[in-house]
Amino acid sequence: MLQSRRLLAFSSRVHTYTLLLYVFFFLVYTLGGYFRVQQSFIDLLIYCLTLVGWTSLLFGFWLLIFSVIVFVGNGLFPTTEVVLTLLRMAAIYALALLLSILETLFTSGVTIS
């Protein structure tokens, strides 16, 4: 039982690192809007953001399922890990939404009719 809780805590830390990796790529993408960069670099950043974002979201779902498994086996619900996982997943989703808005603004601009 203790090993599964340790694995859950370690996995929660790894999920935090994937969020930090996503934030890093997001900041590099945002700075690409201020500096002159090639389109291939922007495409690579979008690919990395998509890959890390989906990986983090799927890993978050795995953490939630594993939290339920730990709860069934241990009897104590890992509230901290569940709440933090949900917050990290919400942060990834919010940054992805902001990225989509920025990409639309950078590529097609704003049209006033």
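Located above this text is the structure these notes cover.
So, how was this worked out
- Residues numbered from 1 in each chain as written.
- Predicted model: local features only at pLDDT ≥ 70, side-chain atom pairs only at ≥ 80, totals over all residues.
- Heavy atoms only, no water.
- Axes fitted to C-alpha atoms, helices over the stretch in contact; angles between N-to-C directions.
- Helix = DSSP H or I, 4+ residues; strand = E, 2+ residues; numbered from the N terminus.
- Parallel < 35°, antiparallel > 145°, perpendicular 65-115°, else oblique.
- Left-handed = near helix turned anticlockwise from the far one by under 90°.
- Nonpolar A, V, L, I, M, F, W, Y, C, P; charged D, E, K, R; others polar.
- Phe/Tyr/Trp six-rings, centres within 6.5 Å; stacked < 30°, edge-to-face > 60°.
- Buried < 20%, exposed > 50% of the residue type's maximum accessible area, 1.4 Å probe, protein only.
- Expected span 1.5 Å × (residues − 1).
- Contact = heavy atoms within 4.5 Å.

Chemist: Would you mind showing me how to read the packing of helix α1 (residues 2-32) against helix α2 (residues 39-74) here?
Modeler: What describes two packed helices is the angle between their axes and the distance between those same axes. For the pair α1 and α2, interaxial distance at closest approach is 9 Å and the crossing angle is 160°. Classed by the angle they form, the pair α1 and α2 counts as roughly antiparallel. You can see that α1 and α2 cross each other, and the crossing is left-handed. Split by residue class, the contact of α1 with α2 holds 21 nonpolar, 10 polar and 1 charged.

Chemist: Whenever I open this one, the packing of aromatic side chains confuses me. Can you help?
Modeler: Ring pairs (aromatic) are described by centroid distance and by the angle formed between their planes. Taken as a whole and judged by the stated rule, the model has 4 aromatic pairs. Seen in terms of ring centroids, phenylalanine 59 and tryptophan 62 are 5.6 Å apart; in terms of plane orientation they differ by 15°. Their pairing is stacked. One end of the pair is phenylalanine 59 and the other is tryptophan 62, both in helix α2 and 3 residues apart, which spans about a single turn. Looking at phenylalanine 59, the relative accessible area reads 23%, which means it is partly exposed. Relative to phenylalanine 77, the ring of phenylalanine 71 lies with its centre 5.5 Å away and its plane at 85°, an arrangement referred to as edge-to-face. Take phenylalanine 77: its relative accessible area is 40%, and that puts it in the partly exposed class. An aromatic cluster is present here, built from Phe59, Trp62 and Phe66 joined pairwise through their rings.

Chemist: Can you walk me through the packing of α1 against helix α3 (residues 79-108) in this structure?
Modeler: Taken N-terminus to C-terminus, the directions of α1 and α3 make an angle of 15°; their axes are 11 Å apart at the nearest point. As judged from the angle between their axes, α1 and α3 are roughly parallel. Of the two elements, α1 crosses α3, and the hand of that crossing is left-handed. Looking at the contact of α1 with α3 residue by residue, the class counts come to 16 nonpolar, 5 polar and 3 charged.

Chemist: Hey, could you run me through α1 in this one?
Modeler: An α-helical turn contains 3.6 residues, so any two residues separated by three or four positions project in the same direction. Under the 1.5 Å per step criterion, the end-to-end length of α1 is 45 Å for 31 residues, consistent within 8% with the ideal 45 Å. All of the buried residues in α1 are Leu8, Ser11, Ser12, His15, Thr18, Leu19, Tyr22, Phe25, Phe26, Tyr29, Thr30 and Gly32. Tucked inside the fold, the buried residues of α1 contact α2 and α3.

Chemist: I keep staring at α2 and nothing clicks. Help me out?
Modeler: The end-to-end C-alpha distance of α2, which contains 36 residues, comes to 51 Å, matching closely the 52 Å that a straight helix rising 1.5 Å per residue would cover. In the stretch just after α2, glycine 75 is the one whose phi turns positive, near 95°.

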